Amino acid sequence: MLSLLSKKMRSGLKMALLPIQKHRLLKEKTEFEKTTKRFFDDLNSEADVMPLASRILVDGTWDNPNYWLRRSLMDHALGTADCPKEGIIGKYSRSSVKISFEANEIPVKFDTEGIRRSLPDLTPLAAELIRNSKSGSDILSWDLPGGVPGTLLYDSLLKWMRVPTITLDLPNIVSFVKRGLEDIEISRYIIQETKADLLMTSHMIGVFYGSLVWFALQRNIETVCLYGDFGSARFVRIKDPSQLTDGVCIPTPEEVESRPDPIRLELAKRGREHLANRLKGQTNDIGGKFSFQANNRNISREEILEAFNWSPEKPIVAVYAQNWFDFPRYLGLDSFLDFRDWIEVTLNQARQNKNVNWLFKAHPIDRLYGIDPKDALSTIVGEQPSDHIAMAGQDWNGRSLMEAIDAAISCTGSIGFEFAAQGKPVLLAEKGWYGHLKFGVIAKDRDDYCQLLSSEWWSLFEEEAMTRRAQEFIGWYFCLPAWQKGCIYCDDSMGQKIFETVSSFLQDNEATIQKEAEFLRSWYESDHTRYHVYKTLTATEFQLGNIQL
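Residues numbered from 1 in each chain as written. Predicted model: local features only at pLDDT ≥ 70, side-chain atom pairs only at ≥ 80, totals over all residues. Heavy atoms only, no water.

Draft legend 1. Main features of the sheet that holds strand 10 (residues 357-361). Across the sheet, which stays open at both edges, the six strands sit in the order 11-10-9-12-13-14 with parallel pairing between neighbours. Two strands bound the open sheet, and with one partner strand each, they are strand 11 (389-391) and strand 14 (441-442). Sheet topology note: the strand 9 (residues 316-320)/strand 10 ladder contains five bridges and is parallel. Looking at the pairing, V319 lines up with F360 of strand 10. Contacts from helix 13 (residues 339-352) reach strand 9, strand 10, strand 11 and strand 12 (407-410) within the one sheet, and its direction differs from that of strand 10 by about 160 degrees. Seen against the sheet, helix 18 (residues 446-453) touches strand 10, strand 12, strand 13 (426-428) and strand 14 and runs at an angle of roughly 155 degrees to strand 13. (Pairing = 2+ DSSP bridges. Helix = DSSP H or I, 4+ residues; strand = E, 2+ residues; numbered from the N terminus. Contact = heavy atoms within 4.5 Å. Axes fitted to C-alpha atoms, helices over the stretch in contact; angles between N-to-C directions.)

Draft legend 2. Representation of the pattern of salt bridges in the model. Summed over all chains, the structure comprises 32 salt bridges. Between R71 and D75 there is a salt bridge, with the nearest N and O atoms lying 3.2 Å from each other. With a gap of four residues between them, R71 and D75 both fall in helix 2 (residues 65-78), about one helical turn apart. Residue D75 is classed as buried on the basis of its relative accessible area of 5%. Of the charged contacts in the structure, one is a salt bridge between K535 and E516, with a shortest N-O distance of 3.0 Å. Separated by 19 residues along the polypeptide, K535 in helix 22 (residues 531-537) and E516 in helix 21 (residues 510-525) bring together distant segments of the chain. (Salt bridge = Lys/Arg side-chain N within 4 Å of Asp/Glu carboxyl O. Buried < 20%, exposed > 50% of the residue type's maximum accessible area, 1.4 Å probe, protein only.)

In C-alpha cells form, the structure reads like this:
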C-alpha cells in the first residue's frame, strides 16, 4: 500500500513539476536564441556577400538546439540572414519553435495541424488502398497522391506503429495510413503555396519530410537537409528523388579513388585511430554510446562456447540485427522488405546450417525506443530453439564480442565497416548505403545471400584489400579536416542539455565557424550534394571526429 501510494505521489509530483520544467526550458531556449543570434549577427556585420536565395521556407516541425544552430550557420553561409522567410510549425514543441522563429524574424506561414484539420476525410482512400492489397509489401507500389513513393510511407508506418513489419491486419492500420496520406497532402499544400526558392528541412526521411522534398523538387525549389551527426554538419543538397533512398553522406568509389595515395593512407590511419577510440566507448554519438559505453561485461570466445555448450571447432558467426523501424527503405533495402524479413531469411538458413555456431545480437538502441516483447529478436529466435543458435547477452561489451567471434553478418549496420576494419570477415546481405565501397562480402540478391549463408563465405573475404577499404571509409565517414580543430558539435541526442554548452562553444570556435560558413557557401555554389564529402575532398590533413577522451 505504501509503495503504491509512493508511486502515485511520485507521479503526481512529476505532473505538478511539468509546467515549471516547461517554463525553465522555454527560458533556456530564449537565451539560446539570443546568444546564437548575437553571435551570427556579429559575423554577418563583417560579411559582404550576395545572398544565394531570395526567400526561404524553414522547417520548424522538429525542435533541437543543434538544428537551430545549423540553420543559423547555413543562413550566414548563404548571406540570407535578411532574406524573407516562411516558417512551418508542426504538432510538437510549438512554444519552443515559436521562440526560434520570433528571434530570427521568421513568421509562421504554415501550421501542419491547421492544414490537417482542413483536409477532407481520407479514411475511405486509406481503407481502399488496404482493401485492394494482398500484403504489406504492396505499400511500396501504391499509387499515392502526387506520385509520392510508397517507400516513404512504409518507413513511416514502421516508425509510428513500432512494429518489425507491416501487415494489413495490424490494429489501427487504417488510421495510420490515413495519417500518412494527410502528411502527403499537407506537404503538397505547403509547397504549392510557398513563394520560397529554397527549402531548409531538418530531415529527408519518412513520409512527411520525404513528401516535402518530393514536391519541392517538382517545383524546382532548391532543397537542403540540415542534418548533423558525429559532431559535424552533414548537410545534403537534394537534387534528385533518388536521394530519398540514398542520402547518407558518404563518398562514391570514384571520389575515394580520386585522392592521392598519401592522403588515402592518411585517411586509413585516422580511420584506425578513430575506430580504436570508438570501440573504447569514447565517441559522443548515441549509437556509439549504446554499443560501447552502456554494456561493460567483457565476454570471451571460451565463455561463449561454454555458455552454449558449443564445439570450438565450429566458427562463431554473429548476426547483428538492426532496429526494426529505423527507416530500412531509406537505408537502401532492396532484396528484403524490411529488417524483419532479412532476419527471418537469415534465421531460416541458420537453422539448416549446423556447421556454424550462430549468435544473434539485438541492436542496443532497441532499449531506448522500446520493443514489444512479442516482437523482440530473442522471441523470434526462441520460437524454434536450436542447439547451434543463441542470443548474445544484452550486457556484453561490444568490443569484446567482436574479439570473440570469427565472422559477422549485417544488413546495413555500422558493424559492416567496424568489423571489416579489424581484418575480420563481414557478410553484407544488401549493398545498402555503403556496399558499393566493397569492404565486405556482398550478396548480389536474396537468393545469393541464402547460398552464401550455407557456405564458408568468409573464405571470400579479401582481408588486406577489404580491411584497408573499411579503414579508409571510417576516415571519410567519421573523421574531419584538420582545420575543424575543436569545433565538434554535441550530439543531437543530448537535446536540451545542449543549451548549457552553446555560449562557450560559439566563443571558442568563432574562427572555425566562419571558415565552416565559407566552405558551406562554396559547396552550395558547386554541383556537389553532400557537404561532409565535399569538405573531405578538399582537405589534405585530417583529425579524429567526435572523440571525447
